[in-house]
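# Residue-level structural notes
Residues per chain are reported as follows:
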Amino acid sequence: MWRARRAAVACEVCQSLVKHSSGIKRNVPLQKLHLVSRSIYHSHHPALTLQRPQLRTSFQQFSSLTNLSLHKLKLSPIKYGYQPHRNFWPARLAARLLKLRYIILGSAVGGGYTAKKTFDEWKDMIPDLSDYKWIVPDFIWEIDEYIDLEKIRKALPSSEDLANLAPDLDKITESLSLLKDFFTAGLKLVSEVIEASGPLLLLGSPGETAFRATDHGSEGDKHYRKVSDKEKIDQLQEELLHTQLKYQRILERLEKENKELRKLVLQKDDKGIHHRKLKKSLIDMYSEVLDVLSDYDASYNTQDHLPRVVVVGDQSAGKTSVLEMIAQARIFPRGSGEMMTRSPVKVTLSEGPHHVALFKDSSREFDLTKEEDLAALRHEIELRMRKNVKEGCTVSPETISLNVKGPGLQRMVLVDLPGVINTVTSGMAPDTKETIFSISKAYMQNPNAIILCIQDGSVDAERSIVTDLVSQMDPHGRRTIFVLTKVDLAEKNVASPSRIQQIIEGKLFPMKALGYFAVVTGKGNSSESIEAIREYEEEFFQNSKLLKTSMLKAHQVTTRNLSLAVSDCFWKMVRESVEQQADSFKATRFNLETEWKNNYPRLRELDRNELFEKAKNEILDEVISLSQVTPKHWEEILQQSLWERVSTHVIENIYLPAAQTMNSGTFNTTVDIKLKQWTDKQLPNKAVEVAWETLQEEFSRFMTEPKGKEHDDIFDKLKEAVKEESIKRHKWNDFAEDSLRVIQHNALEDRSISDKQQWDAAIYFMEEALQGRLKDTENAIENMIGPDWKKRWMYWKNRTQEQCVHNETKNELEKMLKVNDEHPAYLASDEITTVRKNLESRGVEVDPSLIKDTWHQVYRRHFLKTALNHCNLCRRGFYYYQRHFIDSELECNDVVLFWRIQRMLAITANTLRQQLTNTEVRRLEKNVKEVLEDFADDAEKKVKLLTGKRVQLAEDLKKVREIQEKLDAFIEALHQEK
């Protein structure tokens, strides 16, 4: 009797559980109850058959964030046909109470377990805030000084009192044992159904690395014996896929909220609310190491094995789009079918409060949330690429460093390389294809470089070039990640979907890969935003047959999963290789330091920049020393240089023509006219040229003058280049000639010699000038007639036939001058004929032109000797000059002319000296500073001008030290993060 009642009560519990399980509300007949319940408590039922019931419940997933509704279990009244008149109300009451007890205790235990699980999941999703302990104000840590925590602790209830409030777990366990038998058989049936449905596509945790090999032997492809079971399994898979996508959206929403919170925290710190500064992020430190390495040796001859994510692919395969999706901004120039990536671009992704981008060598920040800043950034990248490309080339190996910061970005370093091409088109350099291959190999041959191989899924796989290159550099696929782009076009255009699966599984290419991914890079519209592309990508994969038919797994799709996987792999390789690289650079540093000590023991280790600064200071000191030149020195060298420049014109074009006139009036008139013409046209320009050349000579003298023991010849090439460039840029003041012309004209018009000292100085100046001309004339005559008898006798020299003719002609002309001492400067025709006949009578054939040339030199010597004798006579002629040569046969107008020239030279030198010291020296100093600043910004110029083993050794030593210090700091920060 008691067993029958118990069976009836248990049966009703089973019915109630079936009614309210899985959210389905319908009446379940006895035949639909659990097989174990019917076999134990309803063995007398005639409809009992031992066969597996069909599963009609729907499979519903709940995440830890979903509020589970608790359904109340109601027992329907029990009526038994074999006891129609007996009423055992105490038993029914006990059964109801017992059922209520089970429900309460089960709800309590289930609710506690669900609450604990929810708490654990929320605890795992909360970010690690250990790095933000500084956010808590300092007075919190000193709160125990103001509040007596001991009194509060004593006022709280003890642990024994709290234990009494807790439920009796033993009783709960004893009560739950009765329900264990009911659920055991049901769980067994559910497990059998799951086993029959094959391996379902489950989404891994966000922190799990997405590199899992494709399951080639999936049991989901088996044929089942019953079509109904297969339909149920497909329905369950579809529901599970929707649940996974729902869970993915929840995770993205939580990540977005977390991103906003982190952004607020960082923004508050930027505003100066907190006094402590944030430490430099790991990825920024690592990027600095890579930049120093790139400057140290761009050709990678130093065995640089630090990891980078190298993005390679065929041209227009979607490399740039994948990078922009990872960076969450359209930062690269775009072109339809045209090569846009002309040099490697190193992009350092890091987390920050604002979505900005900046170059390594610039302080300008580009706001990536504004379209005008994005356009300016793309234009700047394009300009830098074209600047790097040398004339006659299409691509360049020089790297452009770009930092992109923003909330939620995955930390990594990516290098975008020019797309691999198969054919060189018009407008490209002939070696473009080979250059791109060499650049790609230089980056991929690094054994720790992660190769992100981009393949266009919308074109035939056989047209790919980059896969062969990647398989050569990484034949085992241990550091290659294969990415298939434009999957939406591939699914639409490819006739056989299994072909896409073969590409993803790596069966269609000879290359192997660590992981395979499929992404969508938009609808082909260049103006499409990143957010729109991401929504389109999620929508496509949500409805794609590639996921529904298990050709792709959930962790193999979307750019977000790709960036997570690449970031995890990147940091794994960084941790494995960075310490080994630090050790190798320590050994390199020791070798370089030993070499320096042996070769340059007494010299400081100055690199190229430090040497340039030292040379710059020396050059500026030498320019400043120009201002310390005395005025007397300036005027002396200016006057001497100017006279050397104009002396020929003064004597040949002014003095000699005027001195050959017959009287003093004609002489003075000729001199005044010629001096006026000379002053108006030539003299000021000649004076400025002389001053500029004098400044150059003095500047060069200071620059090249040896400094004794302190002189370092390593600066000679740099100083020479600075001097030439500064002189080239310097231009004399345009107004100097106009003012100088007036001063010179006034000086030449003055004829009043004030004292005997000036008169004697003018005579000395005239004698010196005439003696110089006489010496030049005698040298010309000697070259014309050959050596005299002394040189012929002592040095065994002979005259040529032409020299003999000139000698005979000279002797004949000298006879003519002896006869007429005041002969004019020009020979008459009859005189030329007479000289010619006299020579022919002695058997010497001469030409009239030869006679004229010889006469010019002979008469010139005669005239200069006569003028010098006249100078001696004029030494005592100052008295007659004061009386204007009245009642005197002595006329010294030529002395007055040379006094006027001498005074003009002195005044001009004084004026030029003032312009030099007041204006031109300062302008030259300014030009030198500008040239030095330009050279300081031009790295190629410094390398060209500061060369040698000593410079290169110091340069290498400094770079290796800097690399080692940055590596040590990075390793220390890496250990602290762990």
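Residue numbers here run from 1 along each chain, matching the order of that chain's written sequence. Local features in this predicted model are restricted to residues whose pLDDT is 70 or higher, and side-chain atom pairs enter the listing and the counts only when it is 80 or higher, whereas totals over whole chains, interfaces and linings include all residues. Excluding hydrogens and water, the side-chain values take into account all heavy atoms of the structure.

The next subject is the state of the cysteines. Disulfide assignment relies on a single distance test, namely cysteine sulfur atoms paired within 2.5 Å. One pass over the full model with this rule turns up 1 disulfide. Each disulfide pairs two cysteine sulfurs, and for Cys874 the partner residue is Cys892, the sulfurs being separated by 2.1 Å. Where Cys874 bonds to Cys892 through sulfur, the torsion about that S-S bond is close to -100°, and the disulfide is left-handed. Residue Cys874 is located in helix α29 (residues 848–874), and its partner Cys892 is located in the loop between α30 (878–882) and α31 (893–937); the two are separated by 18 residues in the primary sequence. Assigned by exposure class, Cys874 and Cys892 land together as buried. With no disulfide of its own, Cys871 lies 6.6 Å from the sulfur of Cys874, the closest cysteine sulfur. Put simply, DSSP H or I for four residues or longer makes a helix, DSSP E for two residues or longer makes a strand, and each gets a number counted from the N terminus. For each residue, the accessible area found with a 1.4 Å probe, counting protein chains only, is set against the maximum for its type, and the residue is called buried under 20%, exposed over 50%, and partly exposed in between.

Together, Glu398, Glu930, Glu933, Asp937, Asp938 and Glu940 make up a negatively charged patch on the protein surface. A total of 3 residues in the negative patch trace back to one element, the largest contributor, which is α31. Of note, Asp937 is situated in helix α31. A relative accessible area of 71% means that Asp937 is categorised as exposed. A patch is a set of surface residues, each over 30% in relative accessible area and not in a salt bridge, joined within 9 Å for like charges and within 5 Å for the nonpolar side chains Val, Leu, Ile, Met, Phe, Trp and Tyr. Accessible surface is estimated by sampling points in the Shrake-Rupley manner with a 1.4 Å probe; for residues, cover comes only from the protein chains shown. The working definition used for a salt bridge is a side-chain nitrogen of Lys or Arg within 4 Å of a carboxyl oxygen of Asp or Glu. All tallies of charge rest on Lys and Arg as positive and Asp and Glu as negative; His and the ends of each chain are not included. Note that the charge is assigned to NZ on lysines, CZ on arginines, CG on aspartates and CD on glutamates.

As a per-residue measure, pLDDT reflects the predictor's confidence and takes values from 0 up to 100. When pLDDT is averaged along the chain, the result is 75, and 69% of the positions lie at 70 or above. Long-range and interchain partners of residues 1–85, a stretch whose pLDDT sits below 50, account for 89 contacts in this model, where long-range means more than four residues apart. Should any heavy atoms of two residues lie within 4.5 Å, those residues are considered in contact. Predicted confidence is poor over residues 185–227, with pLDDT under 50, and the contacts of this stretch with residues over four places away or in other chains come to 54 contacts.

By this rule, a helix spans an expected 1.5 Å times one less than how many residues it contains. Helix length check: helix α16 (residues 530–543), at 14 residues, gives a terminal C-alpha distance of 20 Å against a target of 20 Å (1.5 Å per residue), a fit within 8%. For α16, the complete set of buried residues consists of Ile530, Ile533, Glu537, Phe540 and Phe541. The buried residues of α16 occupy an angular sector of 90° when projected down its axis, which confines them to one face. Tucked into the core, α16 has its buried residues touching α10 (319–327), α14 (487–493), β9 (515–518), α17 (545–548) and α18 (559–599). The directions considered for the arc run from the helix axis to the C-beta atoms.

So, on to the pairing of strand β1 (residues 309–313). For β1, the tally of buried residues reaches 5 of 5 residues, placing the bulk of the element in the interior. Of the two faces of β1, the one holding Val309, Val311 and Gly313 and the one holding Val310 and Val312 are both buried throughout. Here β1 runs beside strand β6 (residues 412–416); their pairing, made up of 3 bridges, is parallel. Bridge pairing links Val309 to Leu414 in β6. Strands are labelled as partners when DSSP assigns at least two bridges between them. Alignment of β1 against strand β7 (residues 450–456), held across 5 bridges, turns out to be parallel. Residue pairing for β7: Val309 is matched across the bridge by Ile450.

Now for the pairing of strand β8 (residues 480–485). The buried count for β8 comes to 6 of 6 residues, which makes it a mostly enclosed element. Residues of β8 alternate between two faces, with Thr480, Phe482 and Leu484 on one and Ile481, Val483 and Thr485 on the opposite face, all of them buried. Sheet analysis places β8 next to β9, joined by 4 bridges and oriented parallel. Following the sheet pairing, Val483 is matched in β9 by Phe517.

With respect to the secondary-structure elements, Glu652 resides in helix α20 (residues 631–659). For the pair Glu652 and Arg773, spaced 121 residues apart in sequence, the C-alpha to C-alpha distance is 9.8 Å. With near-sequence residues (within four places) excluded, Glu652 lies in contact with Pro657 and Arg860.

A word on the packing of helix α24 (residues 736–749) against α31. The description of two packed helices rests on the angle between their axes and on the distance between the axes. As a packed pair, α24 and α31 sit with axes 9 Å apart at the nearest point and diverge in direction by 155°. Classed by the angle they form, the pair α24 and α31 counts as roughly antiparallel. In the crossing of α24 with α31, the sense of the turn from one axis to the other is right-handed. Contacts from Ala736, Ser739, Leu740, Ile743, Gln744, Ala747, Leu748 and Glu749 in α24 reach Arg900, Ile901, Arg903, Met904, Ile907, Thr908, Thr911, Leu912 and Gln915 in α31. Just so you know the grouping, Ala, Val, Leu, Ile, Met, Phe, Trp, Tyr, Cys and Pro go in nonpolar, Asp, Glu, Lys and Arg go in charged, and all remaining residues, Gly too, go in polar. Looking at side-chain class alone, the contact of α24 with α31 contains 9 nonpolar, 5 polar and 3 charged residues. To obtain an axis, a line is fitted to C-alpha atoms, over the contacting stretch when the element is a helix, and the angle between two such axes runs from 0 to 180 degrees between their N-to-C directions. In what follows, roughly perpendicular refers to angles from 65 to 115 degrees, roughly parallel to angles under 35, roughly antiparallel to angles over 145, and oblique to any angle outside these ranges. A clockwise turn of the near helix away from the far one marks a right-handed crossing, whereas an anticlockwise turn of less than a right angle marks a left-handed crossing.

Its place among the elements puts Arg342 in the loop between α10 and β2 (345–350). The definition of a polar contact used here is a pair of N or O atoms within 3.5 Å, where within protein one atom must be able to donate a hydrogen and the other to accept one, and adjacent residues in sequence count solely through side-chain atom pairs. A polar atom in the side chain of Arg342 sits 3.3 Å from the backbone oxygen of Thr394. Among all residues touching Arg342, those that are not within four sequence positions of it are Met385, Arg386, Val389, Thr394, Val395, Ser396 and Pro418.

The mixed open sheet is built from 9 strands, whose spatial order is β4-β3-β5-β2-β6-β1-β7-β8-β9. Two strands close off the open sheet at either side, each with one partner strand: β4 (366–367) and β9. Of the pairings in the sheet, the one linking β2 to strand β5 (residues 400–405) comprises 6 bridges and is parallel in character. Paired with Leu349 across the bridge in β5 is Val404. Contacting β1, β2, β5, β6, β7 and β8, α10 crosses the sheet at an angle of about 160° to β6. Helix α13 (residues 466–473) rests against β1, β7 and β8 of the sheet, and its axis sits at about 160° to β7.

Moving on to the environment of Met766. Within the secondary structure, Met766 sits in helix α25 (residues 756–785). By relative accessible area, Met766 is classed as buried at 0%. In this structure the C-alpha to C-alpha distance between Met766 and Ala867, which are 101 residues apart in sequence, comes to 9.3 Å. Excluding anything up to four places from it in sequence, Met766 contacts Tyr655, Cys871, Asp894, Val895 and Phe898.

A separate point is the packing of aromatic side chains. Between rings of Phe, Tyr and Trp, where Trp is taken as its six-membered ring, a pair exists when centres lie within 6.5 Å; planes separated by under 30 degrees are stacked, by over 60 edge-to-face, and by other angles tilted. The tally for this structure, following the rule as stated, stands at 17 aromatic pairs. Aromatic pair Trp759 and Tyr881: ring centres 5.2 Å apart, planes at 35°, arrangement tilted. One end of the pair, Trp759, is in helix α25; the other, Tyr881, is in helix α30, with 122 residues separating them in the sequence. The exposure class assigned to Trp759 is buried, which follows from its relative accessible area of 0%. Both rings, one in Phe765 and one in Phe898, keep their centres 6.0 Å apart while their planes meet at 70°; by these two values the pair is edge-to-face. You can see Phe765 sitting in helix α25 and its partner Phe898 sitting in helix α31, a full 133 residues away along the chain. For the pair Phe765 and Phe898, one class covers both residues: buried. Here the aromatic residues Trp643, Tyr655, Phe765, Trp855, Tyr859, Phe863 and Phe898 are joined through ring pairs into a cluster of three or more. Two thresholds decide whether a charge sits over a ring: the Lys NZ or Arg CZ must be within 6 Å of the ring centre and within 35 degrees of the ring normal. Above the plane of the ring of Phe359 lies Arg384, whose end atom (NZ or CZ) is 4.0 Å from the centre. In this structure, Arg701 is placed above the aromatic ring of Phe702, and the distance from its NZ or CZ to the ring centre is 4.6 Å.

Right, let's talk about the environment of Ser726 for a bit. When you line up the elements, Ser726 lands in helix α23 (residues 716–729). Judged by its relative accessible area of 0%, Ser726 is buried. Excluding anything up to four places from it in sequence, Ser726 contacts Leu924, Asn927, Val928 and Val931. For Ser726, the side chain forms a polar contact with the main-chain oxygen of Val722, separated by 2.7 Å.

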